Every structure is written in C-alpha cells, then in structure tokens.
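# Analysis of the macromolecular model
Listed below are the residues making up each chain.
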Amino acid sequence: MHMHKRTKTNGIDAAMKIIFYENGADLDAWLGGLRRELPDADLRVWEPGDTAPADYAIVWRAPRELFANRPDLKAVFNLGAGVDAILEVERKEPGTLPPNAQLVRLEDTGMAQQMVEYATYCVLRYMRRFDEYDALQRAGRWEKLPQHARETFTVGVLGLGVLGAEVTKGLLALGVPVRSYSRTPKTIEGVQVHAGPEQFDAFLDGVKVLINLLPHTPDTEGILNARTFGRLARGAYVVNVARGPHLVDADLLAALDQGQIAAATLDVFHTEPLPAAHPFWTHPRVSVTPHISAETLREESIVQIAGKIRALARGEPISGIVDFRRGY
Ligand code: NAP
Ligand code: GLV
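Going by what an unreviewed UniProt entry lists, the protein is known as D-isomer specific 2-hydroxyacid dehydrogenase NAD-binding and is assigned to Caballeronia insecticola.

Dropping the structure here:
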C-alpha cells in the first residue's frame with residue numbers, strides 16, 4: 001500500500017474516490033488507462049442513482065444529477081477544452097456544481113496539432129482555390145483561375161488561448177499575414193495582435209479568412225454575425241471550429257448569398273448532429289464536418305488528468321482551472 005497516495009476521510013485511511021462519466025466512450029479503455037496511472041484510486045463509472053462519495057469527477061456532458069449533493073468533490077475534470085456545457089448547467093440552475101470543486105479543462109492533449117492541421121487545410125484550400133477547382137471539375141471545365149496573392153490573404157484567428165496560439169503560429173509558416181484577437185493583450189512574434197472590444201473592428205478590417213477559436217460564453221455568443229462579416233474583405237471565408245452558438249446561421253447564409261462571404265467550413269453547430277433539413281448540409285459553398293476538428297485523445301488526456309489529480313492530492317497547484325466569472 002502506498003500511503004502517500006491515500007487521503008484521510010473521517011480519520012480512516014481511504015483511497016481517493018473517482019467517478020467517470022462519458023456517454024458512448026470506450027469505458028474499458030478509459031478505466032484501464034486511469035487505473036494504470038492511478039493504481040491506488042478507487043475508480044468507478046458513474047451511473048444514475050450513484051450518490052456515494054467521490055473526491056474527483058472525470059466527465060464529458062454529464063447530467064446535472066451527477067453533480068448534485070457532492071460537497072466533498074474537490075475537482076471536476078472536463079474531457080474537453082470547452083466547458084460551456086457544464087457552465088450552462090450552472091447558469092440554468094445555480095448551485096448545481098459542488099461549491100468547493102474546481103473545474104479543470106483539458107489543455108491541448110494533442111488537440112492543438114489537430115486544430116493546426118484543420119486550419120492549415122482550410123487556408124490552403126481557399127487560398128489555392130481547390131474548392132473552386134473541385135466545382136469546375138464536377139462541371140467538366142478546364143479553367144485557370146487567377147491566384148490569390150499570399151501577401152493579402154490575411155488570416156484572422158479569434159481566440160489566442162491554448163489552441164488559438166498554436167494555430168496562429170502554425171499559419172505563419174504559410175507566409176500569409178496572421179492576426180489574432182483575444183480578451184487581454186498578448187504578443188506573438190510575427191502576429192498582428194488585437195485585444196478587447198475596442199480593437200475588434202481593426203482586427204476584422206480586410207481579413208480574408210476568419211477562424212473562430214473562442215470559448216462559448218455570453219460575451220462571444222453570436223460573434224460570427226452580419227456586422228462581423230461585413231467588415232471582412234469582400235469574398236472572405238469563415239471557419240468555425242469553436243462552438244455552434246458563435247455563429248448566427250441565417251447571417252452566414254445571407255452573406256453567402258450576397259457574395260460578402262465566399263465559402264465557409266463549419267465543424268460545430270447549434271444542434272449536433274446537424275439536423276437533416278438544415279440548409280448547411282446542401283449549400284454548395286458550405287463544408288460540414290461532424291465536430292472532429294480536434295478530438296479528445298484518450299491516452300494524452302488520461303496522462304494529463306492523472307498528473308493533475310496526483311498534484312492536487314499532494315496539495316500542489318495545477319493549471320487549466322476554469323474561471324467561472326470569465327466563463328472559460
Ligand atoms: P482557451 O485556452 O480558454 O482560450 C480562449 C481564448 O479566447 C483566449 O485567448 C481568450 O482571451 C479568448 N477570449 C475569451 N473570451 C473572449 C472575449 N470575450 N473576447 C475576446 N477574446 C476572448 O481555449 P482553447 O483551449 O484555445 O479552446 C478554445 C475553444 O475551442 C474551446 O472553448 C472549445 O469551445 C473549442 N474547441 C473545439 C473543438 C472541436 O473539436 N471543434 C475542440 C477543442 C476545443 P485571453 O487570452 O485574453 O484570456
Ligand atoms: C471539444 O469540442 C472540446 O471542447 O474539447
């Protein structure tokens with residue numbers, strides 16, 4: 001028995017208790033990995049009706065009931081970067097989340113590289129007009145289109161956090177001008193940084209590809225709207241890889257009709273799966289992917305979360321704690 005990995009509860013030596021919930025996950029693989037990393041922990045899959053004590057919860061889109069009446073819970077680990085689903089539960093019914101529990105999001109765990117790949121693909125596809133050549137091929141037409149000038153094919157990245165920072169840096173390698181927008185000021189070599197609402201228009205003006213990597217909060221909901229689109233370069237492109245509610249769907253469809261937006265690639269939607277009748281499915285200039293731009297990688301996530309649980313058990317600070325007031 002490794003005493004240092006045990007916690008004292010009511011004077012009795014007890015293994016730390018961890019509940020796990022992810023609907024549809026490969027539970028054997030998750031539990032096997034977590035047991036390997038935390039061999040002394042008492043780990044169980046949470047099921048409705050389970051009100052037994054727990055020190056830590058590892059969850060993705062868990063029902064409200066999982067959190068209720070758990071004053072002992074020290075931390076909730078969210079199996080994703082975005083914590084909007086959990087915070088929405090709390091916004092709708094304040095007091096749902098255990099009062100003393102910290103909420104911890106995944107930090108990168110292999111998602112940044114996937115986002116860099118997705119964003120790079122979109123920028124190259126639009127800059128080199130592969131989307132238009134696909135349409136020309138389907139029409140059986142041999143036609144050379146004028147090339148976009150790389151120097152003016154400005155990419156603007158909304159959000160300069162764990163993922164946005166890596167995406168902006170990755171895009172610099174393409175030789176396009178790269179701009180960023182965050183809440184607080186930052187510096188990244190080679191990137192034209194903007195921060196705060198007063199710099200939002202300067203960030204948008206003339207952007208050719210707008211990539212959204214903001215968290216979904218009350219401040220950012222609907223940020224991809226007609227006004228935003230109107231400030232971009234004529235015939236701009238929109239890539240939404242953050243959350244569906246960032247986008248005003250009707251405004252995008254109108255901007256596509258008007259030619260203000262040339263095309264869009266969307267990975268996230270107000271309702272997922274995207275309903276069969278939604279016009280995005282069949283729009284010739286909208287590309288749809290099923291929320292796969294950056295997937296939660298099991299092994300990387302297990303190692304990161306287990307490391308943080310060990311640190312917390314030793315009384316050490318950890319990173320990735322969500323600020324409830326900011327909403328991310
Ligand atoms: P993060 O580290 O929390 O970074 C968030 C960034 O957004 C920060 O730079 C922050 O500014 C900025 N921001 C927040 N509120 C803002 C506001 N009101 N105005 C301007 N900037 C604001 O998040 P992340 O790990 O990069 O992830 C970003 C989002 O991507 C997640 O929340 C999630 O929704 C989405 N995501 C999607 C997928 C997918 O598969 N589609 C996968 C993973 C993540 P500061 O730097 O000043 O704080
Ligand atoms: C996925 O969408 C995440 O937030 O990690």
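What follows picks up the thread again.
Turning our eyes to something else, we now look at the overall build of the protein. A count of helical and extended segments in the protein gives 10 helices and 14 strands. Over its C-alpha atoms, taken along the principal directions, the protein stretches across nearly 75 × 40 × 35 Å. Classification of the 328 residues of the protein by burial places 51% in the buried group. Considering only intrachain contacts with a sequence separation of at least 6, the fraction spanning at least 24 residues in the protein is 64%. Here the protein contributes 37 positively and 41 negatively charged side chains, and the mean placements of these two sets differ by 3 Å.

Our focus in this paragraph is the site of ligand 1. Close to ligand 1 lie 30 residues, the nearest being Arg-105, Leu-163, Thr-184, Lys-186 and Tyr-328. Taking Val-162, its main chain carries an N or O atom lying 2.9 Å from an oxygen atom of ligand 1. A distance of 2.5 Å is found between an oxygen atom of ligand 1 and a side-chain nitrogen or oxygen belonging to Tyr-328. Notes on ligand 1: free accessible area 940 Å², of which the protein chains cover 93%. When contributions to the shell around ligand 1 are tallied by element, the ones reaching two or more residues are α4 (111-127), α6 (162-172) and β9 (178-182). In terms of residue count, α6 provides more of the shell around ligand 1 than any other element does, 3 residues in total. Here the residues of the shell around ligand 1 are counted per class, giving 15 nonpolar, 9 polar and 6 charged. Viewed by domain, the shell around ligand 1 spans two of them, domain 1 (17-107 + 296-314) and domain 2 (111-288), each represented by three or more residues.

A few words now on the pairing of β9. The element β9 is largely enclosed, with a buried count of 5 among its 5 residues. Across 4 bridges, the pairing between strand β8 (residues 155-158) and β9 is parallel. Paired with Leu-158 across the two strands is Tyr-181, which belongs to β9.

The immediate surroundings of ligand 2 are formed by Trp-60, Gly-80, Ala-81, Gly-82, Met-111, Arg-243 and His-291. With respect to ligand 2, the backbone of Ala-81 contributes an N or O atom lying 2.7 Å from an oxygen atom. For ligand 2, an oxygen atom lies 2.7 Å from a polar atom in the side chain of His-291. For ligand 2, the accessible surface in isolation is 200 Å², of which the surrounding protein chains cover 87%. Taken together, the residues of the shell around ligand 2 sort by class into 3 nonpolar, 3 polar and 1 charged.

Reading guide: rules and limits
- Residues numbered from 1 in each chain as written.
- Chains lettered and ligands numbered in written order.
- Predicted model: local features only at pLDDT ≥ 70, side-chain atom pairs only at ≥ 80, totals over all residues.
- Heavy atoms only, no water.
- Helix = DSSP H or I, 4+ residues; strand = E, 2+ residues; numbered from the N terminus.
- Buried < 20%, exposed > 50% of the residue type's maximum accessible area, 1.4 Å probe, protein only.
- Contact = heavy atoms within 4.5 Å.
- Lys, Arg positive; Asp, Glu negative; His and termini not counted.
- Charge placed at Lys NZ, Arg CZ, Asp CG, Glu CD.
- Near = heavy atom within 4 Å.
- Polar contact = N/O pair within 3.5 Å; in protein donor to acceptor, adjacent residues only side chain to side chain.
- Areas by Shrake-Rupley, 256 points an atom, 1.4 Å probe, with all protein chains shown as cover.
- Nonpolar A, V, L, I, M, F, W, Y, C, P; charged D, E, K, R; others polar.
- Domains from an automatic or database assignment.
- Pairing = 2+ DSSP bridges.

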